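Below, each chain spelled out in residue letters.
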Amino acid sequence: MKKVAILGATGSIGNQTLDVIRQDIDRFRLIAISANSSYGKVIEIINEFNPLYVVLTEEKAYEEVKKYCSSANKKIEILFGMEGLNTIASLSEIDIVVTSVVGMIGLVPTITAIKSGKDIALANKETLVTGGEIVISEAKKHNVKILPVDSEHGAIFQCLQGNEISSVDKILLTASGGPFRGKKEEDLRNVTVDEALKHPKWNMGKKISIDSATLMNKGLEVIEAHWLFDMDYDDIEVVVHPQSIIHSMIEYKDGSIIAQLGSTDMRLPIQYALNYPKRQKAVVEKLDFYKMECLTFEKPDMNTFKPLKLAYEAGKIGGTMPAVLNAANECAVDLFLNKKIKFLQLGNILEKCMDKFIVKYSYTLEDILELDKEVKKYVNENFGK
Ligand code: NDP
Ligand code: MG
């Protein structure tokens, strides 16, 4: 049995990971979970899966879960905060850690898990965007597999099986185009939070939904692909494919293109990452070619959707610049969700931060964590009033 910890078990990816486990309960044992504040969902998970460890990162939720477990006589170790996340990421009884928290908060526990020799099923792209160099070098050092959960990267990973990375010409990273595909700057000036949250193809957490509306999500994914597959930015091309049936492709040097297709359901890449290199019985609906819409492809509009262009720039600059971009974005998305800034300001704030913060090429994990705080403070002070 594979023993699993899920960091961020109450979110969209966490919930779908639980469903993959639920449907294959003889193959997996859920040992540990974490959540921030959703204690109600945590209690449901406790009752269904009986994990041995639970981490909460918000005080009230921690107290509530403790109260519940003592009244229900549950023998569970309940831990708090980053220390708790690091504890469950490194438990000797765990084989694989699913990192599905949102934001760069996932960076430290992911590195802890890697240093403890755990394979990682990685959904949390901000981890690679901010600390890609450190994460990848630690993974090599500790002989740990980073199994991508993000659907595009899961697709690329599948398209690479049996082939050598040196025979790849480029990655074709598909994008749905988000809820505002085809819109121009003047159409986007007054879009509301609700409109931005309405993704046409995927039902996801709020932060990634906003990132999909600005195309920042694709920008983060370009940087994620650079680290996961060791590809130059010039060899990673974004292709808008609104039907989201092809989840990404690899073009090999002989001109062959290998694509991965499947329903728009995150449980498929999650299942593959959890079972790699094996495949198990489908937990998602299979594609029916005769019912499928036609598949179309477009170039992304990087002038309107500036964050994608900025992500390429930040990636190419390298060093700490992607961490600056990510911190600015996390903070700006929060401000947008709280109706403190307008949609188009999201891109402008990223640009301002990339101008303001000087890139460093020699840095530690602590430098990245410090920089993240500094950038967020700057964004809050200058745009959050
Ligand atoms: P959600 O917002 O749905 O879930 C986030 C999870 O992280 C929840 O369990 C949440 O707990 C927890 N969390 C939130 N804030 C903190 C914090 N400060 N400290 C610790 N834990 C916290 O996000 P998604 O599931 O949509 O996304 C998770 C990650 O996966 C992101 O990096 C995203 O980019 C990536 N991803 C998501 C996809 C999707 O389809 N959703 C697709 C591909 C990648 P609580 O519920 O208590 O708030
Ligand atoms: Mg994706």
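Residues numbered from 1 in each chain as written. Chains lettered and ligands numbered in written order. Predicted model: local features only at pLDDT ≥ 70, side-chain atom pairs only at ≥ 80, totals over all residues. Heavy atoms only, no water.

*Asks:* Give a detailed account of the coordination of the magnesium ion (ligand 2), specifying residues and quantitative values.
*Replies:* Only Asp-150 (OD), Glu-152 (OE) and Glu-221 (OE) from the protein coordinate the magnesium ion (ligand 2), and they sit 2.1 to 2.2 Å from it. Mapping the donors of the magnesium ion (ligand 2) onto the primary sequence yields the spacing D-x1-E-x68-E. Side by side, Asp-150 and Glu-152 carry an identical accessibility label, which is buried. (Donors = N, O, S within 2.8 Å, 3.2 Å for Na, K, Ca; no water. Buried < 20%, exposed > 50% of the residue type's maximum accessible area, 1.4 Å probe, protein only.)

*Asks:* I'd love a proper account of the site of ligand 1, names of residues and values included.
*Replies:* Contacts to ligand 1 come from 24 residues, most closely from Thr-10, Ser-12, Ser-37, Ser-38 and Glu-126. Between ligand 1 and Thr-57, the relevant distance is 3.5 Å, taken from a nitrogen atom to a side-chain nitrogen or oxygen of the residue. Relative to its unbound accessible surface of 890 Å², ligand 1 loses 86% to contact with the protein. Among the residues forming the shell around ligand 1, the class breakdown is 10 nonpolar, 11 polar and 3 charged. (Near = heavy atom within 4 Å. Polar contact = N/O pair within 3.5 Å; in protein donor to acceptor, adjacent residues only side chain to side chain. Areas by Shrake-Rupley, 256 points an atom, 1.4 Å probe, with all protein chains shown as cover. Nonpolar A, V, L, I, M, F, W, Y, C, P; charged D, E, K, R; others polar.)

*Asks:* A description of the pairing of strand β8 (residues 168-175) should follow, citing residues and the corresponding values.
*Replies:* In terms of burial, β8 is a largely internal element, 6 of the 8 residues being buried. With 4 bridges connecting them, β8 and strand β10 (residues 246-252) associate as antiparallel partners. Within β10, the residue paired with Ile-171 across the bridge is Ile-250. Taken together, the 5 bridges between β8 and strand β9 (residues 236-240) define a ladder with parallel strand orientation. (Helix = DSSP H or I, 4+ residues; strand = E, 2+ residues; numbered from the N terminus. Pairing = 2+ DSSP bridges.)

*Asks:* Outline the sheet that holds strand β1 (residues 2-7), listing residues and values.
*Replies:* For sheets, the rule is that strands pair by backbone hydrogen bonds, running either parallel or antiparallel. Pairing in this open sheet of 7 strands is parallel, and the strands run β4-β3-β2-β1-β5-β6-β7 from one edge to the other. A single partner strand is all that each edge strand has here, and the edge strands are β4 (77-80) and β7 (146-148). Adjacent strand axes in the sheet meet at a mean angle of 20° when their direction is disregarded. Here 4 bridges tie strand β5 (residues 96-99) to strand β6 (residues 119-122), and the two strands are oriented parallel to one another. Residue Thr-99 lies in a different strand from β6, and its bridge partner there is Leu-122. Sheet strands in contact with helix α2 (residues 39-49) are β2 (28-35) and β3 (53-56), and its direction is about 165° off that of β2. Along the sheet, helix α4 (residues 81-89) makes contact with β1, β2, β3, β4 and β5, crossing β4 at roughly 130°. (Axes fitted to C-alpha atoms, helices over the stretch in contact; angles between N-to-C directions. Contact = heavy atoms within 4.5 Å.)

*Asks:* How would you summarise empty space enclosed by the protein if you had to cite specific residues and measurements?
*Replies:* One pass over the full model with this rule turns up 1 cavity of 30 Å³ or more. Roughly 40 Å³ of volume is contained in the largest cavity. Forming the walls of the largest cavity are Ser-151, Gly-154, Ala-155, Gln-158, His-247, Gln-260, Ser-263, Leu-268 and Pro-269. Among the secondary structure elements, those contributing two or more residues to the lining of the largest cavity are α7 (151-160) and α12 (267-275). Grouping the amino acids of the lining of the largest cavity by side-chain chemistry returns 3 nonpolar, 6 polar and no charged. (1 Å grid on protein atoms, 1.4 Å probe; cavity = no way out; pocket = protein on both sides within 12 Å on 5 of 7 lines; lining within 4 Å. Points joined across faces, edges and corners; volume = space filled by probe spheres on them.)

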